[in-house]
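# Tertiary structure, described
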Amino acid sequence: MDTFEVRTDDLMTTTNETKSMSDGQDEEITSLRDHFKDKIRILSSIGQFSYILKIRPDQYDISLTLQLDKDYPSKPPEIIITAPRLAPDQIIVIQQLLQSYCETLLNKPMILSIYSRLLQWFDENNIQTVTIHSNTTTNNNNNQANSTSSSTQRSRKNSKTNFSLETVNNYSNEQETEYLKRSSMKTAEDVISRVEWDGLLDKRLFRVGYVDRFLGMQEKSFDDFDFKVDLSTVSDRHSSILAIPKHRIQYFKYNNEIIWDKETRTDLMFGSTGNKQTIYDVIERHKNSMESTDPSRTPDTDIVEKPNVTIPPPHYLTITDGAYKPNYFLSIPMTDPILISNYSNYQEHLLSSYPSMFSSHTSTSNLHLTLLTLHIETTSQIEQCIKLFNSLRDEIRYHCSYPDLINLEFNDVNTFHDKVLYVKCKKNLRLENLRTLIVQRLTEEQQKQTVHGIFCAGNYYEFVAHITLLKCKRKYSSIQQDETKEFNFGKQTIDCLRLCSIGKNENDDQKNNCVFQLDLS
């Protein structure tokens, strides 16, 4: 009886503390809304967060996003900085500074203090303020005499009103600022239309950031969306159709560079907000940076290097994919007995029919579909990666099982550059979204400085889901006409994910050592 009473008291205490924190959050949010007025955007009950706040100072081209969960302020908010004019290393420095600063403010309202510390950092580092209009200062100086004269005339007409030169200039600046705030910025719908209809733009290189009502901020490939569908016909948010209201779109990226952002009023697609750059300038800049990339790189870790074919310049998934060599990969193991049996039978058929054609083959005990390749250097970074995947277990499991299990179908045989024979997985939007989800979560943790030194490496926008079958000594096309291309190998559900290292054994064959398995069953 005594034990029951103690547990009841503890439960009441916990409930009261939770209610107190919730009330404290609501009071602070109300105060912030009064303080910032139209400079703050407040979203409530978004996924795991009680509130998501977005604050944009007038004087700097920056957006401060703070994500508060139910434990705030005993737990600091998650901070994301969006600043097109800052270098990536500057953004990392300021995010790290603010997160450390939060630790000194626990258990009390801290949002306004974080905002003030951000502005202080800008002042300390001599970051230039936003230039509202390049001609404003010049025009004011050139027209100083006219402004003084106008002020004098107005004072003569009305002796009760006496405008000083400073008042006139301030009034002029305020009017100019208000005019520019009202100036037309191209909408998300304009960007969508441009990407859809401009034949010079590759839709595969664009990504869309949007607010999901349940998961918060999300980012997916432009090709994943159906922007023409009638939203009233989409009843299930987990259906194969991805459609969202246009007002939820927050930004667009080209090759991982933000080219349109609602909060910061960035427009590098049309240049409608005063920036002289357009999407063609962005494309040219990325094209020039790609010219230094080695074109002999291949889209999979299993591919023979330097094939004797012409390979077009690569389009990497993220900005780090072309900078690092992969040494780990995240895979989906192939365990279905029917799939393994059909794979093995077809492989044996090829080896017996063309014994001098193939140099190596994959063991059936090691069959997998590579989802992502990574660059990880140290043991501590591996531990960080494992911790990240463990934290994503429920989200990944939900994605792979609701409303039904993801079923991967294998019914085609193809080659990479006529050198590597593989079993192709039928295009599956949910599989591609799983890949995007993991990349997005990794990027978020990098921005929050919770993971270090873990990079996407060697991944491409064009995702060819496959199982490697055989490596060829000569061109597979020499025998392709004698082999059927369509073959129903079977199906596979996603029961787990494996993080494996990439290495070579004594026979120079691929050797994959599993360092972690994420069970999703």
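None of the values given here were measured: they were computed from a predicted structure. (Residues numbered from 1 in each chain as written. Predicted model: local features only at pLDDT ≥ 70, side-chain atom pairs only at ≥ 80, totals over all residues. Heavy atoms only, no water.)

## Focus: the environment of Met217
The test is simple: Secondary structure follows DSSP: runs of H or I at least 4 residues long count as helices, runs of E at least 2 residues long count as strands, and numbering of each begins at the N terminus. Contact between two residues is taken to exist if any of their heavy atoms lie within 4.5 Å; hydrogens are not considered.
Along the polypeptide, Met217 turns up in strand S6 (residues 216-221). As for Met217 and Ile46, which are separated by 171 residues in sequence, their C-alpha atoms are 8.6 Å apart. Among residues more than four places away in sequence, those in contact with Met217 are Lys54, Gly209, Tyr210, Val211, Gln250, Tyr251, Gln440, Arg441 and Glu444.

## Notes on the side chain of Lys54
Threshold: Accessibility here uses a 1.4 Å probe with only protein chains present; expressed as a share of the type maximum, an area under 20% marks a residue as buried, one over 50% as exposed, and anything in between as partly exposed. Lys and Arg are tallied as positive, Asp and Glu as negative. Neither His nor the chain termini are counted. A side-chain nitrogen of Lys or Arg and a carboxyl oxygen of Asp or Glu constitute a salt bridge if their distance falls within 4 Å. Counting of polar contacts relies on pairs of N or O atoms within 3.5 Å, with two restrictions inside protein: one atom must be capable of donating a hydrogen and the other of accepting it, and residues adjacent in sequence are counted only when both atoms are side-chain atoms.
By the element assignment, Lys54 lies in strand S2 (residues 49-55). One buried charged residue, Lys54, forms no salt bridge at all, with the nearest opposite charge on Glu263 at 4.9 Å. Of the polar contacts made by the side chain of Lys54, one reaches the side chain of Gln250; its length is 3.2 Å. Apart from residues no more than four positions distant in its own chain, Lys54 is found in contact with Lys39, Ile40, Arg41, Leu64, Thr65, Met217, Gln250 and Glu263.

## Some words on the pattern of salt bridges
A side chain with one charge may pair with a side chain of the opposite charge, provided their charged atoms come close. Overall, the coordinates contain 14 salt bridges when judged by the stated rule. Ionic pairing is found between Lys75 and Asp69, a salt bridge with its closest N-O pair at 2.9 Å. A salt bridge links Asp404 to Arg430, with the shortest nitrogen-to-oxygen separation between them at 2.9 Å. Here Arg430 lies in helix H12 (residues 429-447) and Asp404 lies in the loop between helix H11 (393-401) and strand S13 (407-416), a separation of 26 residues in the sequence. The structure contains a network of salt bridges with shared partners spanning Asp202, Arg204 and Glu462.

## Let's talk about helix H9 (residues 337-353)
Quick reminder of the rule: Here a helix's expected span is defined as the number of its residues, less one, multiplied by 1.5 Å.
For H9, spanning 17 residues, the distance from its first C-alpha to its last is 24 Å, which sits close to the expected 24 Å at 1.5 Å a residue. Turning to H9, its buried residues are Leu339, Tyr343, Ser344, Tyr346, Gln347 and Leu350. You can read the cap of H9 off the contacts: a side-chain oxygen lies 3.1 Å from the backbone nitrogen of Ile338, and it is on Asp336.

## Points about the nonpolar core
Note the threshold: To form a nonpolar core, buried Ala, Val, Leu, Ile, Met, Phe, Trp, Tyr and Cys residues must be joined to one another through side-chain atoms within 4.5 Å. The split into domains, and so the bounds of each, comes from an automatic or database assignment of domains.
Within the largest apolar cluster, 81 residues are counted, with the highest numbers of intra-cluster contacts made by Phe252, Leu369, Ile396, Phe410, Leu431, Ile494 and Leu497. Looking at this core element by element, the count peaks at six residues for H12. Built from parts of two domains, this core gets at least three residues from each of domain 2 (188-231 + 241-287) and domain 3 (328-519). For Leu369, the contacting residues outside a window of four places in its chain are Leu330, Ser331, Ile332, Met334, Leu408, Phe410, Cys425, Leu431, Phe463, Ala465 and His466. Counting residues in hydrophobic clusters, the runner-up holds 30 residues, among them Ile79, Leu105, Ile114 and Trp121.

## Observations regarding the packing of aromatic side chains
Selection rule: Between rings of Phe, Tyr and Trp, where Trp is taken as its six-membered ring, a pair exists when centres lie within 6.5 Å; planes separated by under 30 degrees are stacked, by over 60 edge-to-face, and by other angles tilted. Criterion for a charge above a ring: Lys NZ or Arg CZ within 6 Å of the ring centre, and within 35 degrees of the ring normal.
All told, the structure shown has eleven aromatic pairs when counted by the stated rule. Ring geometry for Trp121 and Phe122: centres 5.4 Å apart, planes at 75°, overall edge-to-face. You'll find Trp121 and Phe122 in the same group, each marked buried. Here a set of aromatic residues connected by ring pairs shows up, and it is made of Tyr210, Phe222, Phe225 and Phe227. Geometry around Phe270 places Lys186 over its ring, the cationic atom sitting 5.4 Å from the centre.

## Quick notes on unusual backbone geometry
For the bond running from Tyr72 to Pro73, omega is 10°, close enough to zero to count as cis. Looking at the element boundaries, Pro73 is found in the loop between strand S3 (63-68) and strand S4 (78-82). The phi dihedral of Asn107 falls on the positive side, at around 70°, and the residue is not glycine. Inspection of the secondary structure assignment puts Asn107 in the loop between helix H2 (88-103) and helix H3 (111-124). For Asn107, a relative accessible area of 60% gives the class exposed. Phi at His417 takes a positive value of approximately 55°, unusual for a residue other than glycine. For His417, the position within the fold is in the loop between S13 and strand S14 (420-425).

## Considering the pairing of strand S5 (residues 206-212)
Our working definition: DSSP bridges decide pairing: two strands pair if at least two such bridges lie between them.
The buried count for S5 comes to seven of seven residues, which makes it a mostly enclosed element. In S5, alternate side chains face the same way, and those of Phe206, Val208, Tyr210 and Asp212 on one face and Arg207, Gly209 and Val211 on the other are all buried. Judged from the five bridges that link them, S5 and strand S7 (residues 249-254) form a sheet pairing that is antiparallel. Bridge pairing links Arg207 to Lys253 in S7. Strand direction decides the pairing type here: S5 and S6, joined by six bridges, are antiparallel. Across the sheet, the residue bridging to Val211 is Met217, located in S6.

## A word on H12
Relative to the 27 Å expected for 19 residues at 1.5 Å per residue, H12 spans 27 Å between its end C-alpha atoms, a close match to the ideal helical length. In terms of burial, H12 is largely enclosed, as 14 of its 19 residues are buried.

## Some thoughts on the sheet that holds S3
Rules: Simply put, an axis is a line fit to the C-alpha atoms, just over the touching stretch for a helix, and the angle between two N-to-C directions goes from 0 to 180 degrees.
Strand order in the open sheet formed by four strands is S1-S2-S3-S4, and the pairing between neighbours is antiparallel. The sheet is open, and its two edges are formed by strand S1 (40-46) and S4, each paired on a single side. With direction set aside, neighbouring strand axes in the sheet form an average angle of 15°. Inspection of the sheet shows S3 paired to S4 by five bridges, in the antiparallel sense. Looking at the pairing, Leu64 lines up with Ile81 of S4.

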